[in-house]
Number of protein chains: 2
Amino acid sequence: MEVKDKHIVSMMRHQGHKITPQRRAILNVIARSDGHLTPAALYQRVKQRYPRIGLVTVYRTLDLLAGLGLICRVHTDGGCRNYLLRRPEEHHHHLICSGCAKVVDLADCNMAAEAARISGKTGFEIERHLVEFIGRCSHCRQMALAKGF
Amino acid sequence: MEVKDKHIVSMMRHQGHKITPQRRAILNVIARSDGHLTPAALYQRVKQRYPRIGLVTVYRTLDLLAGLGLICRVHTDGGCRNYLLRRPEEHHHHLICSGCAKVVDLADCNMAAEAARISGKTGFEIERHLVEFIGRCSHCRQMALAKGF
DNA sequence: CTGCAAATGAAATTAATTTTCAATAAGTGA
DNA sequence: TCACTTATTGAAAATTAATTTCATTTGCAG
Ligand SMILES: [Mn+2]
Ligand SMILES: [Mn+2]
Ligand SMILES: [Zn+2]
Ligand SMILES: [Zn+2]
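In this report, the structure presented in the accompanying data block is examined.

What counts and what doesn't
- Residue indices follow the written sequence of each chain, beginning from 1 at its first position.
- To read the labels, note that chains go from A and ligands from 1, taken in the order they are written.
- Residue-level local features of this predicted model are given only where pLDDT is at least 70; pairs of side-chain atoms are given and counted only at 80 or more, and the full residue set underlies all totals for whole chains, interfaces and linings.
- Neither water nor hydrogens contribute to the side-chain values; these are computed over all heavy atoms in the structure.
- Metal donors: N, O and S atoms at distances within 2.8 Å, or within 3.2 Å for Na, K and Ca, with water omitted from the atom set so that some sites may seem incomplete.
- Square planar and octahedral sites, with four and six donors, are those where opposite donors lie more than 155 degrees apart and all other angles lie between 65 and 115, tetrahedral sites have four donors with every angle between 85 and 135 degrees, and the rest are irregular.
- A run of H or I in DSSP counts as a helix once it spans at least four residues, and a run of E counts as a strand once it spans at least two, with each numbered from the N terminus.
- Working definition: with a 1.4 Å probe on protein chains only, accessible area under 20% of the residue-type maximum means buried, over 50% means exposed, and in between means partly exposed.
- A strand pair is defined by DSSP finding two or more bridges across the two strands.
- All copies are superposed by least squares; the fitting set is the C-alpha atoms of residues with a pLDDT of at least 70 in both.
- Working rule for contacts: check all heavy atoms of both residues, and any pair within 4.5 Å makes them a contact.
- By convention, the term buried area covers the 1.4 Å-probe accessible surface removed from two parts as they join, with the contributions of both added.
- In what follows, salt bridge is the name for a side-chain nitrogen of Lys or Arg lying within 4 Å of a carboxyl oxygen of Asp or Glu.
- Directions from the helix axis toward the C-beta atoms define the arc.
- It suffices for a single heavy atom of a residue to lie within 4 Å of a molecule or strand for the residue to be listed as near it.
- Identification of polar contacts relies on pairs of N or O atoms within 3.5 Å, with a donor-acceptor requirement for protein atoms, meaning one able to donate a hydrogen and the other able to accept it, and with residues adjacent in sequence counted only if both atoms are side-chain atoms.
- Each residue gets one label: Ala, Val, Leu, Ile, Met, Phe, Trp, Tyr, Cys and Pro are nonpolar, Asp, Glu, Lys and Arg are charged, and the others, such as Gly, are polar.
- To obtain an axis, a line is fitted to C-alpha atoms, over the contacting stretch when the element is a helix, and the angle between two such axes runs from 0 to 180 degrees between their N-to-C directions.
- What sets the label is the angle itself: under 35 degrees gives roughly parallel, over 145 gives roughly antiparallel, 65 to 115 gives roughly perpendicular, and the rest give oblique.
- Here is the rule for handedness: rotate from the far helix to the near one, and if that takes an anticlockwise turn smaller than a right angle the crossing is left-handed, while a clockwise turn gives right-handed.

1. Some remarks on the coordination of the zinc ion (ligand 3)
Residues and elements named next belong to chain A.
- Protein coordination of the zinc ion (ligand 3) is provided by His91 (NE2), His93 (NE2), Cys109 (SG) and His129 (NE2), with donor distances spanning 1.9 to 2.3 Å.
- Classification of the site at the zinc ion (ligand 3) as tetrahedral follows from its four donor atoms and the range of 98 to 118° in their angles at the metal.
- In terms of primary sequence, the donors binding the zinc ion (ligand 3) are separated according to H-x1-H-x15-C-x19-H. Linking His91 in the loop between strand 3 (82-86) and strand 4 (93-97) with Cys109 in the loop between strand 5 (103-106) and helix 5 (112-122), this pair joins segments that are 18 residues apart in sequence.
- In this structure Cys109 comes out as partly exposed when scored by relative accessible area, which is 30%.

2. Some words on the pairing of strand 6 (residues 125-136) of chain A
- Note that strand 4 of chain A and strand 6 of chain A share four bridges and pair parallel. Paired with Ile96(A) across the strands is Ile134(A), a residue of strand 6 of chain A.
- In terms of strand pairing, strand 6 of chain A meets strand 6 (residues 125-136) of chain B through eleven bridges, oriented antiparallel. Bridge assignment links Glu132(A) to a residue of strand 6 of chain B, and that residue is Leu130(B).

3. Describing the relation of the copies chain A and chain B
- For the pair chain A and chain B, the best superposition has an RMSD of 0.2 Å and corresponds to a rotation of 180° with a translation of 0.1 Å parallel to the axis. Taken together, these values place the two copies in the relation of a two-fold axis. Considering only C-alpha atoms, the part of chain A nearest the rotation axis is Val131(A), at 2.4 Å.
- The share of interface residues of chain A whose copies in chain B are also at the interface is 100%, consistent with both copies meeting through the same surface.

4. Some words on the interface of chain A and chain B
- Between chain A and chain B, the contact holds 41 residues from the first and 42 residues from the second.
- Summing both sides of the interface, chain A and chain B together bury roughly 3,500 Å²; the carbon and sulfur share of this comes to 58%.
- Three residues stand out in chain A for area buried against chain B, namely Phe124(A), Phe133(A) and Ile134(A), and they jointly supply 19% of the buried area on that side.
- If you look at where chain A meets chain B, you find eight salt bridges.
- Here the side of chain A that touches chain B gets twelve residues from one element, more than from any other, and that element is strand 6 of chain A.

5. Here's the deal with helix 3 (residues 39-49) of chain A
- Within helix 3 of chain A, burial applies to Pro39(A), Leu42(A), Tyr43(A) and Val46(A). Buried residues along helix 3 of chain A cover an arc of 100° about the axis, so they all sit on one side.

6. Some points on the protein's contact with DNA strand D
- Lining the immediate surroundings of DNA strand D are 21 residues, of which Tyr59(A), Thr20(B), Gln22(B), Thr57(B) and Arg60(B) lie closest.
- Considering DNA strand D, the proportion of its atoms within 4 Å of the protein that are sugar or phosphate atoms stands at 70%.
- Within the contact set of DNA strand D, a phosphate oxygen lies 2.8 Å away from a backbone nitrogen or oxygen of Ile19(A).
- One nitrogen or oxygen atom from the side chain of Arg23(B) is found 2.8 Å from a phosphate oxygen belonging to DNA strand D.
- Classifying every residue of the surface near DNA strand D gives seven nonpolar, six polar and eight charged.

7. Let's talk about the packing of helix 2 (residues 21-32) of chain A against helix 3 of chain A
Residues and elements named next belong to chain A.
- Packing of helix 2 against helix 3 leaves a shortest axis separation of 9 Å and a crossing angle of 115°. Relative to helix 3, the element helix 2 lies roughly perpendicular. Of the two elements, helix 2 crosses helix 3, and the hand of that crossing is right-handed. Where helix 2 abuts helix 3, its residues Ala25, Ile26, Val29 and Ile30 lie against Leu42, Arg45 and Val46.

8. Examining the protein's contact with DNA strand C
- Surrounding DNA strand C, one finds 22 residues, the nearest of these being Thr20(A), Gln22(A), Thr57(A), Arg60(A) and Tyr59(B).
- The sugar-phosphate portion of DNA strand C accounts for 71% of its atoms within 4 Å of the protein, the bases making up the rest.
- Between a phosphate oxygen of DNA strand C and a side-chain N or O atom of Arg23(A), the distance comes to 3.0 Å.
- At 2.4 Å, a side-chain N or O of Tyr59(B) approaches a phosphate oxygen of DNA strand C.
- Every element with two or more residues in the surface near DNA strand C is listed here: helix 2 and helix 4 (55-67) of chain A together with helix 4 (55-67) of chain B.

Have a look at this one:
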């Protein structure tokens, strides 16, 4: 995480963006979170470390990081709040627990063939894709069982 | 579309929901639209036929229809506005043009094996999934070409 | 250091969605 | 057909999310 932060920081500087303590704080929170965060949730956490920060800065930083491809979004059903997410370097899919909202990254994508097929069938030039599986993690299933369904 | 409307109406009545002219109007608009609509866009179109309708009614009807599984949502990048969508009966995927936002339904889903594999690997009980391909339709590609990239 | 463009944050603004509540109307059953 | 009951409607207010403005601050190149 230390290393990754440095990597990100150097990448940002390289693209002409300034490194501010606010951005550092936001990056730290994102880096140490293992799930997804709404802008508001992120703001709450960042404020503990950096109380003076404004929510606007969070939004702006998120836009920036998303633009640089350093973070990505998840779109969940049920209230389309756009969630935030720490992004592994490579393309991946998501497995989301409908009970506790835990998110598991699925690294192995084999949609290439499917994409090619669809491209051939529709004439689209496929740029990217989004795959989310929604289900119940074993922990949540056991909870449900314990409470008699 | 006539037929489908009737089917939906009878299903709603069967579940104890009343059929109001507002709901009819909304259903008609959804049925004759071939793409996705935001609540606001839907509202605009419905008002032409039924000027007295309120936006609230649109939201409520959308919630109702979504709850009944008669429509579904699409989650697009870039402003997580939750789009609305006419729903074929069966599960399907989406192919979205990043140029003109046209949406193509992809009926043939063969994610079952993948879901089973993931389930086995992670202990999740997979409930459903969401697949979206994003790309450029041929029309938009030609536009781009005409303008010299 | 200095200077300047980039970045910040308070506040106002816009936009989307939900809640409230009194009035209305759909469907039911006499 | 005629109430009657209850779901539904819609205006308005209230929430909530996100963006814009703009004066002030600050990172960092020179
Ligand atoms: Mn991920
Ligand atoms: Mn569809
Ligand atoms: Zn993939
Ligand atoms: Zn599928």
